[in-house]
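# Descriptive analysis of the structure
What follows is each chain in one-letter form.
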Amino acid sequence: RFVEMELGGPRCAGLVLLLLLISCGQGRGADPINIWPMPKSVTSGKQTLLLSNDFVLNTQGSKYPDSSGILKDGFSRFLQVLRASHVADSNSSYSSAHFPVCKGLHVVILSPNDKLQYGVDESYKLSVTALGAVYAYLEANTVYGALHGLQTFSQLCHFNFKARVFEVRQAPWTIIDQPRFSYRGLLIDTSRHYQPLIMIKNVIDSMAYTKLNVLHWHIVDTQSFPLEIPSYPKLWNGAYSTSERYTMADAAEIVRHDHFLLTRGINVLAEIDVPGHTQSWGIGYPSLWPSTDCQQPLDVSNEFTFKVIDGILSDFSKVFNYSFVHLGGDEVNTKTAFRLKKKGLNESEAYQYFVLRSQEIALSHGYDIVNWEETFNNFGSKLSRKTVVHNWIGSGVAERVVAAGLRCIVSNQDKWYLDHLDTTWQEFYMNEPLTNITNPKQQELVIGGEVCMWGEHIDGSDIEQTIWPRAAAAAERLWTPYDKLAKDPRRVTGRLAHFRCLLNERGVPAAPLNGPGRVAPEEPGSCYKQ
């Protein structure tokens, strides 16, 4: 634990000391509590127990039938993650004569329901006794809490290079945990650069390691329209090429096939950004443009525009079953954009009309709506009360949104935009969604936050090292209780460095902590010092 003590004295001396502490703390028996994000409550001891090579899952007494195989799959991935890092010796001479042995994990889930939706209970309790020939115990109200407990347990397991088996150090453990915010998001942008399906799945896997729970898929934009829309099949003529596309079956592969998202406890927030950022729509349907000389935003005077939006959201509702859909609404050029004569509206009225009508269409398909903050800034009192306002531009917006009684997601660009490579992990960590919001009822209206990986300068070659480890810093801010968060990011440097190396060990190319986003290692050396 001494790695995380607050360093005093000159900054340089503190950094040198920190590196020495990290070096001393790795694999020498003086381990700090290296769990990321930090749980709500943690107690630990000083003993070690080995994991049996036949480590098994026990669900006796659980009310969850696991008919979908969500828990079984999560447990299998837990074992795969461990065994991918090192090869355990099944004939190891180490036995209970050297250390007690943990035979398996006993999981008790109190609810039979496995519907994954906003606000699902994600709490869990994990205990690992120091006695041998017993099971570790994990209790959760839902299977999704149990999945988070498995992620935490995986971080307690280490490879013993002498015994050539996996072990749990610092037993006994007692961990009680639940998230601070129900919405903990990561945006990916597949319009500016196409992201292969396997890359999206890789990002989802790494989200689960950090307990982020919403993938905000910014699917289409000005530059390209890569998604198949069966109701309007020419829309994806706006893709960069015929191979840089997603079929609806591809989308379903992520959302539904083999319960890929369910077994990771992650929802998908699908976005179509309207009425701006839509030039690519007109490649297949030119009548969506106001004119050939004015190709965005969408033509508010044309009823066909709203039929297309209705068709898109109808197709979405068959695949994207999260309770929210994102309708964008940002950066609309109202001065040159709208053909208004047929509607008898001025520019600002046309913008409002478009957003509110699009909201009505989304509501008709059973969605609550997320809109970027410009909609609130321009006509907040007119928005549906089911609107979640997505703050991205500046400070003070979240305060005004919740004061108006609407919900809010915080993604202020100066701190939580991953494409801003000069924003350090320390700034990601210290960004507080509830800044200046002191009323408890208004605090509850901030449903969470989101880090945004805009795609102008990233593709499949560099997306992961641009996301991690800075997104993990924000993930702890969104998960860990406020009073457990470090007030000085230097106190968590060693623990985040350890987690970054763990991500590398699991095949996630997380960049070093030292320097800006996506930085390369400066010189040869230990992962824990970079």
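The name recorded for the protein chain in an unreviewed UniProt entry is beta-N-acetylhexosaminidase, from Dillenia turbinata. In its Catalytic activity (unreviewed entry) section, the UniProt record describing the protein chain reads: "Hydrolysis of terminal non-reducing N-acetyl-D-hexosamine residues in N-acetyl-beta-D-hexosaminides." Turning to the protein chain, the UniProt annotation filed under Sequence similarities (unreviewed entry) states: "Belongs to the glycosyl hydrolase 20 family."

## With respect to the environment of serine 224
You can see serine 224 is positioned in the loop between strand S10 (214-218) and helix H5 (248-255). Overall, the relative accessible area of 1% leaves serine 224 in the buried class. Among residues more than four places away in sequence, those in contact with serine 224 are Thr190, Ser191, Gly238, Ala239, Tyr240 and Ser280.

## A short note on unusual backbone geometry
Along the chain, tryptophan 36 connects to proline 37 via a cis peptide bond; the corresponding omega equals -10°. The backbone of arginine 518 shows a phi angle near 65°, a positive value even though the residue is not glycine. Structurally, the position occupied by arginine 518 is in the segment after helix H16 (493-505).

## Quick word on the sheet that holds strand S2 (residues 47-58)
With mixed pairing, 8 strands are arranged side by side in an open sheet as S1-S8-S4-S5-S3-S2-S7-S6. Each of the sheet's edge strands pairs with one partner strand only, and the pair in question is strand S1 (41-43) and strand S6 (157-160). Along the sheet, successive strands turn relative to each other by an average axial angle of 30°, direction set aside.

## Here we look at the nonpolar core
Of all hydrophobic cores here, the largest spans 102 residues; its most connected members are Trp217, Leu235, Trp281, Ile309, Phe316, Phe320 and Trp468. The element contributing the most residues to this core is helix H4 (residues 197-210), with 8 residues.

## Describing helix H7 (residues 303-317)
Every α-helix winds through 3.6 residues per turn, so residues three or four apart in the chain are directed the same way. An ideal rise of 1.5 Å per residue puts 21 Å on 15 residues; H7 measures up with 21 Å between its terminal C-alpha atoms. Along H7, the residues classified as buried are Thr305, Phe306, Val308, Ile309, Gly311, Ile312, Leu313, Ser314, Asp315 and Phe316. On its buried face, H7 is in contact with H5, strand S11 (267-271), helix H6 (281-284), strand S12 (324-326) and helix H8 (347-364). The backbone nitrogen of phenylalanine 304 has a side-chain oxygen 2.9 Å away, supplied by the residue at the start of H7, namely asparagine 302.

## Describing the state of the cysteines
In protein structure, a disulfide is the covalent linkage between the sulfur atoms of two cysteines. In total, this model carries 1 disulfide according to the counting rule given. Paired by a disulfide, cysteine 501 and cysteine 527 hold their sulfur atoms 2.0 Å apart. Across the S-S bond linking cysteine 501 and cysteine 527, the dihedral sits near -115°, which makes this disulfide left-handed. Of this pair, cysteine 501 sits in helix H16 while cysteine 527 sits in the segment after H16, and the two are 26 residues apart along the sequence. Under the relative-accessibility criterion, cysteine 501 is labelled buried at 8%. Left unpaired, cysteine 102 is separated from the closest cysteine sulfur, that of cysteine 157, by 8.2 Å. Here cysteine 102 falls in the buried class, since its relative accessible area comes to 2%. In this structure cysteine 452 is not part of a disulfide, and its nearest cysteine sulfur, from cysteine 408, lies 12 Å away. For cysteine 452, a relative accessible area of 0% corresponds to the buried category.

## Looking at the UniProt feature "active site" (unreviewed entry) in the protein chain
Here, UniProt's "active site" (unreviewed entry) annotation points to Glu331. Ignoring anything within four residues of it in the chain, the contact list for glutamate 331 reads His277, Glu374 and Trp392. A polar side-chain atom of glutamate 331 sits 2.8 Å from a polar atom in the side chain of histidine 277.

## So, the pairing of strand S15 (residues 407-410)
Taking every second residue as pointing to the same face, both faces of S15 are buried, with Arg407 and Ile409 on one and Cys408 and Val410 on the other. In the sheet, strand S14 (residues 387-391) pairs with S15 via 4 bridges, with the strands oriented parallel. Residue pairing across strands places valine 388 opposite arginine 407, the latter belonging to S15. Taken together, the 3 bridges between S15 and strand S16 (residues 446-453) define a ladder with parallel strand orientation.

## Quick word on the environment of asparagine 213
Mapped onto the secondary structure, asparagine 213 falls in the loop between H4 and S10. Residue classification places asparagine 213 among the buried positions, given a relative accessible area of 6%. Spatially, the C-alpha atom of asparagine 213 lies 22 Å from that of alanine 249, the residues being 36 residues apart in sequence. Beyond its immediate chain neighbours, meaning those up to four positions away, asparagine 213 contacts Glu122, Ser182, Tyr183, Arg184, Met207, Gly265, Ile266 and Asn267. Looking at asparagine 213, its side chain comes within polar contact range of the main-chain oxygen of serine 182, at 2.8 Å.

## Some words on the side chain of glutamine 117
You can see glutamine 117 is positioned in the loop between strand S3 (101-109) and strand S4 (124-128). Using a relative accessible area of 17% as the deciding quantity, one classes glutamine 117 as buried. A distance of 3.0 Å separates the side chain of glutamine 117 from the backbone oxygen of asparagine 321, its partner in a polar contact. Excluding residues within four positions of it along the chain, glutamine 117 makes contact with Asn267, Asn321, Tyr322 and Ser323.

## Digging into the packing of helix H2 (residues 70-85) against helix H3 (residues 143-156)
Packing of H2 against H3 leaves a shortest axis separation of 10 Å and a crossing angle of 10°. Classified by the angle their axes make, H2 and H3 are roughly parallel. Where H2 approaches H3, its residues Ile70, Leu71, Gly74, Phe75, Arg77, Phe78 and Leu82 are matched on the opposing element by Val143, Tyr144, Ala146, Leu147, Leu150, Gln151, Phe153 and Ser154. Here the residues of the contact of H2 with H3 sort into 11 nonpolar, 3 polar and 1 charged.

Analysis parameters
- Residues numbered from 1 in each chain as written.
- Predicted model: local features only at pLDDT ≥ 70, side-chain atom pairs only at ≥ 80, totals over all residues.
- Heavy atoms only, no water.
- UniProt positions renumbered as here; feature names shortened; annotations may be inferred.
- Helix = DSSP H or I, 4+ residues; strand = E, 2+ residues; numbered from the N terminus.
- Buried < 20%, exposed > 50% of the residue type's maximum accessible area, 1.4 Å probe, protein only.
- Contact = heavy atoms within 4.5 Å.
- Pairing = 2+ DSSP bridges.
- Axes fitted to C-alpha atoms, helices over the stretch in contact; angles between N-to-C directions.
- Core = buried A, V, L, I, M, F, W, Y, C linked by side-chain atoms within 4.5 Å.
- Expected span 1.5 Å × (residues − 1).
- Polar contact = N/O pair within 3.5 Å; in protein donor to acceptor, adjacent residues only side chain to side chain.
- Disulfide = S-S within 2.5 Å.
- Parallel < 35°, antiparallel > 145°, perpendicular 65-115°, else oblique.
- Nonpolar A, V, L, I, M, F, W, Y, C, P; charged D, E, K, R; others polar.

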